[in-house]
Amino acid sequence: MLYSLARPILFSQDAETAHQLTLKGLDRLACALPSPKLDQQPVTVMGIDFPNRVGLAAGLDKNGAHIAGLGKLGFGFLEVGTVTPRPQAGNPKPRLFRLPEQQAIINRMGFNNDGVAALVANVQASRHRYAGVLGINIGKNKDTPNDNALDDYVTALRQVYEHADYITANISSPNTAGLRELQQEGAINALIEGLKNEQAQLSQSFGYKPIAIKIAPDLSDEAIVELAGIFKQFEIDAVIATNTTIDKTAVAGLKHGQEEGGLSGTPVRAQSTHVIKVLAEALNGDIPIIGVGGIASGADAVEKLSAGASLVQLYSGLIYQGPNLVKQAVKACAAYQPL
Ligand SMILES: Cc1cc2nc3c(=O)[nH]c(=O)nc-3n(C[C@H](O)[C@H](O)[C@H](O)COP(=O)(O)O)c2cc1C
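Quick summary incoming for the structure in this document.

Glancing now at the layout of surface pockets. Within this model, the second largest pocket holds a volume of roughly 700 Å³. What lines the second largest pocket is a set of 45 residues, and nearest its centre among them are A58, G59, L60, K62 and Y315. The set of elements that each furnish at least two residues to the lining of the second largest pocket consists of α2 (15-30), β6 (104-107), β11 (262-265), β13 (311-314) and α10 (316-321). In terms of residue count, α2 provides more of the lining of the second largest pocket than any other element does, 4 residues in total. In terms of residue class, the lining of the second largest pocket is built from 15 nonpolar, 25 polar and 5 charged.

Enumeration according to the criterion identifies 4 aromatic pairs in this entry. With 5.0 Å between their ring centres and 75° between their planes, F50 and F77 make a pair best called edge-to-face. Residue F50 is found in strand β2 (residues 48-50), and its partner F77 is found in strand β4 (residues 77-83); the two are separated by 27 residues along the sequence. Residue class for F50 comes out buried when judged on its relative accessible area of 1%. The interplanar angle of 65° and the centroid separation of 6.3 Å between the aromatic rings of F77 and Y166 together place this pair among those described as edge-to-face. Here the residue F77 occupies a position in strand β4, and Y166 occupies one in strand β8 (residues 166-170), the gap between them amounting to 89 residues. By relative accessible area, F77 is classed as buried at 0%. Exposure remark for Y166: the relative accessible area of 0% places this residue in the buried category. Taken together, the ring pairs connect F50, F77 and Y166 into an aromatic cluster.

So, on to the packing of helix α6 (residues 187-206) against helix α7 (residues 221-233). Between α6 and α7, the least distance of the axes is 10 Å, while the angle of their chain directions is 25°. For the element pair α6 / α7, the angle class is roughly parallel. Once α6 is placed against α7, the crossing between them reads as right-handed. Seen from α6, the contacting residues are I188, N189 and I192; seen from α7, they are L227, I230, F231 and Q233. A breakdown of the residues in the contact of α6 with α7 according to their chemical character gives 5 nonpolar, 2 polar and no charged.

Bringing the sheet that holds strand β9 (residues 211-215) into the picture now. Taken in spatial order, the 8 strands line up as β3-β4-β7-β8-β9-β10-β12-β13 and close into a barrel, and their pairing is parallel. Strand-to-strand twist of the sheet, defined as the mean angle between neighbouring strand axes without regard to direction, takes the value 25°. Helix-sheet contacts for helix α8 (residues 269-283) involve β9, β10 (238-241) and β12 (289-292), and the interaxial angle to β12 is about 170°.

Moving on, we come to the pairing of strand β7 (residues 133-138). Summarising burial for β7: 6 of the 6 residues are buried, a large majority. By the alternation rule, side chains of β7 split into V133, G135 and N137 and L134, I136 and I138, which are all buried. As defined by bridge partners, β4 adjoins β7 across 6 bridges and the pair is classed as parallel. When the bridges of β7 are listed, F77 appears paired with V133. Note: β7 against β8, 4 bridges, orientation parallel. Bridge pairing links G135 to Y166 in β8. With helix α5 (residues 149-160) bridging β7 and its parallel neighbour β8, the resulting β-α-β unit is right-handed.

Inspection of the region around the ligand gives 24 residues, with A58, T82, G265, G294 and S316 positioned closest. Residue A58 places a main-chain N or O atom 2.7 Å away from an oxygen atom belonging to the ligand. N137 places a side-chain nitrogen or oxygen 3.0 Å from an oxygen atom of the ligand. When the ligand is considered free in solution it has 600 Å² of accessible area, and contact with the protein chains removes 98% of it. If you map the ligand onto the pockets, it falls in the second largest pocket. Secondary-structure elements contributing two or more residues to the shell around the ligand are β4, β6 and β11. Considering only residue class, the shell around the ligand consists of 8 nonpolar, 14 polar and 2 charged.

Next up on the list: the environment of I290. Looking at the element boundaries, I290 is found in strand β12. Look at I290 and you get buried, because its relative accessible area is 1%. Distance from I290 to I240, taken between C-alpha atoms, is 4.6 Å for residues 50 residues apart in sequence.

To continue, consider α2. A turn of α-helix holds 3.6 residues, and therefore any two residues three or four places apart point the same way. For α2, with 16 residues, the first-to-last C-alpha span of 22 Å sits near the 22 Å given by 1.5 Å per residue. When α2 is considered as a whole, its buried residues turn out to be A15, E16, A18, H19, L23, L26 and A30. An end-on view of α2 places all buried positions within 160° of arc, on one side of the element.

The rules behind the values
- Throughout this document, residue positions are counted from 1 along each chain, in the order its sequence is written.
- Only residues with pLDDT of at least 70 are given local features in this predicted model, and only at 80 or more are side-chain atom pairs given and counted; all residues enter the totals for whole chains, interfaces and linings.
- The basis for every side-chain value is the complete set of heavy atoms in the structure, and neither hydrogens nor water enter the calculation.
- A cavity here means a set of 1 Å grid points, computed over protein atoms only, where a 1.4 Å probe fits but cannot escape. A pocket is an open set with protein on both sides within 12 Å along at least 5 of 7 lines, and lining residues have an atom within 4 Å of a point.
- Grid points are joined across faces, edges and corners, and a volume is the space filled by probe spheres set on the points.
- Helical segments are the DSSP runs of H or I of at least four residues, strand segments are the runs of E of at least two, and each set is numbered from the N terminus.
- In the scheme used here, Gly and all other residues not listed as nonpolar or charged are polar, with Ala, Val, Leu, Ile, Met, Phe, Trp, Tyr, Cys and Pro taken as nonpolar and Asp, Glu, Lys and Arg as charged.
- Between 30 and 60 degrees the pair is tilted, below 30 it is stacked and above 60 it is edge-to-face, where a pair is any two Phe, Tyr or Trp rings, Trp via its six-membered ring, whose centres lie within 6.5 Å.
- Buried means the residue's accessible area, taken with a 1.4 Å probe over protein chains only, is under 20% of the maximum for its type, while exposed means over 50%, and partly exposed covers the values in between.
- Axis lines are fitted to C-alpha atoms, over the contacting stretch for helices. Their N-to-C directions set the angle, which ranges from 0 to 180 degrees.
- In what follows, roughly perpendicular refers to angles from 65 to 115 degrees, roughly parallel to angles under 35, roughly antiparallel to angles over 145, and oblique to any angle outside these ranges.
- Here a crossing is called left-handed whenever its near helix is offset anticlockwise from the far helix by less than a right angle, and right-handed whenever the offset is clockwise.
- Contacts are assigned to residue pairs that have any heavy atoms within 4.5 Å of one another.
- Pairing between strands requires that DSSP locate at least two bridges from one strand to the other.
- When the strands point away from the viewer, a crossover counts as right-handed if the route from the first strand across the helix to the second turns clockwise.
- For this purpose, a residue is taken to be near a molecule or strand whenever a single non-hydrogen atom of the residue falls within 4 Å of it.
- Identification of polar contacts relies on pairs of N or O atoms within 3.5 Å, with a donor-acceptor requirement for protein atoms, meaning one able to donate a hydrogen and the other able to accept it, and with residues adjacent in sequence counted only if both atoms are side-chain atoms.
- Throughout, the Shrake-Rupley method with a 1.4 Å probe supplies accessible areas, and for residues the shown protein chains are the sole cover considered.
- Here the criterion for a molecule occupying a pocket or cavity is that more than half of its atoms lie within 2 Å of the pocket grid points.
- Under the convention used throughout, the expected extent of a helix is 1.5 Å for every residue step, that is, one less than its residue count.
- Arc, as used here, means the arc of the directions from the helix axis to the C-beta atoms.

This is the structure in structure tokens:
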């Protein structure tokens, strides 16, 4: 209700300003907001107990600065980040574009963030106001060459580990040159092996925290199957499918349809679901999948579960529909019965 009143005002602003205004407003309301009444069904995935299957996808709260407010929207878990070891400005503005005809977004933010130390301080400060499940999504700095990418991921992992319930390694943003090449055989093996070794070390002091890998939707079926084999070999804890797509055919001709960056929202839905299906078949239940991409209704959330996901996340749908979408998705997932 509140969101349907605020939306025309927000959508009259440039997309990034609207984004900042919404998060600021949410922070102000956070203390006053009651937690929504939800039709929810708890679930255990990656050894973690979730109150429901619907999470906030990475990228909305890159610095973990709005956890208390976002925690009041009914999500079963929040994922903050992507955070890099050192702060970085990201790409020049404008870098965020709404395509309302398709309930879509194109972004080329480029991992703008305040660095991992600032995120950890924010997470610590919010822990007394948010007791829910928290994922922290890590990446590499723009000026770190791919040959040294593992150093960045390990640096970030070490710093966030004790503050996260799970950690996501993002190797699929299209907005950091060369990042997606880390999904290729050779690079991915070294990266995952390095992360798993570090996880084993850290778990001795802080307990076992699952590591998820977030992949792109722009992968061939063969590449997905190959990746699944590597995920199984190294016993990765979960796969998040998918990030934004670089395929803009669905928005050709629309205002902003040719902007550089990753496309999210309705146009990526079917492609993401396809990746989940292929992945689920190849993983054969050994590794859970978190399904994300274009969820704009309860039925869309269930589509991801039917394809083989155990949890879902959303971002763009929240921008277009507001928090009511979270409620709807939670309800639909609670009613979902696997065949
Ligand atoms: C503005 C914007 C920024 C994003 N930033 C990140 C990010 O920092 N890290 C990440 O893993 N995914 C990021 N994503 C991708 C989302 O987490 C999600 O995978 C993708 O948008 C598909 O879901 P959706 O269609 O529900 O938005 C971003 C998406 C948007 C729209």
